[in-house]
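Residue-level structure breakdown
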Amino acid sequence: MRALWDFPELPYRAVAPWPRIERLGQLDWIEQVMTVEQWLELHVGPHYARWGWSMWTLHNQHDLCAVSFAREQDTTLFLLRWA
């Protein structure tokens, strides 16, 4: 099994707020991640081939979602949907 750091960062990065999904008055971060992942898989393509989570989010604001893309036009599409 390959680890996250075995995959190189893709060249185009976009940063947008996570979708706001609340369950019982509390933010549901699992639903936030799943919502974005499902959208990316449907509209951009396979994880690790066309997009990947950016390591930027591990060291910066946790209320922002950072995704790296293989193609610049996918970055624009992501920003149009989530920014």
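Everything quoted here is computed from the prediction, not taken from an experiment.

Focus on the packing of aromatic side chains
Each aromatic ring pair is summarised here by two numbers: the centre-to-centre distance and the angle between the ring planes. Summed over the entire model, instances satisfying the criterion amount to 5 aromatic pairs. For the pair W18 and W53, a centre-to-centre distance of 5.6 Å together with 35 degrees between the ring planes defines the contact as tilted. Remark: W53 occurs in strand β4 (residues 51-53) and W18 occurs in the loop between β1 (12-17) and β2 (22-23); sequence separation between them is 35 residues. Looking at W18, the relative accessible area reads 18%, which means it is buried. Classification of W53 by relative accessible area gives partly exposed; the value is 21%. Consider the rings of W51 and W53, whose centres lie 5.4 Å apart with planes at 90 degrees: the pair is edge-to-face. By the ring-pair criterion, three or more aromatic residues cluster together here, those being W39, F69, F78 and W82. Looking at R81, its charged tip hangs above the ring of W82, at a distance of 4.0 Å from the centre.

A look at helix α1 (residues 29-43)
Between its terminal C-alpha atoms α1 stretches 21 Å, which fits the 21 Å expected from 15 residues at 1.5 Å a residue. Where α1 is buried, its residues contact β3 (26-27), β4, β5 (64-69) and α2 (72-82).

Description of the side chain of T75
Tracing the backbone shows T75 in helix α2. The class for T75 is buried, based on a relative accessible area of 9%. If near-sequence neighbours (up to four positions away) are discounted, T75 is found in contact with Y12, R13, A14 and F69.

Observations regarding a nonpolar patch on the surface
Residues W29, I30 and M34 make up a contiguous nonpolar surface patch of about 330 Å² in total accessible area. When its relative accessible area of 36% is taken as the criterion, M34 is described as partly exposed.

So, the side chain of Q32
If you trace the backbone, Q32 turns up in helix α1. For Q32, a relative accessible area of 9% gives the class buried. Here the side chain of Q32 touches P19 through a polar contact of 2.8 Å, landing on its backbone oxygen. Once you skip the residues sitting within four places of it in the chain, Q32 turns out to touch W18, P19, R20, I21 and L27.

Criteria and thresholds
Residues numbered from 1 in each chain as written. Predicted model: local features only at pLDDT ≥ 70, side-chain atom pairs only at ≥ 80, totals over all residues. Heavy atoms only, no water. Phe/Tyr/Trp six-rings, centres within 6.5 Å; stacked < 30°, edge-to-face > 60°. Helix = DSSP H or I, 4+ residues; strand = E, 2+ residues; numbered from the N terminus. Buried < 20%, exposed > 50% of the residue type's maximum accessible area, 1.4 Å probe, protein only. Lys NZ or Arg CZ within 6 Å of the ring centre and 35° of its normal. Expected span 1.5 Å × (residues − 1). Contact = heavy atoms within 4.5 Å. Patch = residues over 30% accessible without salt bridge, like charges linked within 9 Å, V, L, I, M, F, W, Y side chains within 5 Å. Areas by Shrake-Rupley, 256 points an atom, 1.4 Å probe, with all protein chains shown as cover. Salt bridge = Lys/Arg side-chain N within 4 Å of Asp/Glu carboxyl O. Polar contact = N/O pair within 3.5 Å; in protein donor to acceptor, adjacent residues only side chain to side chain.

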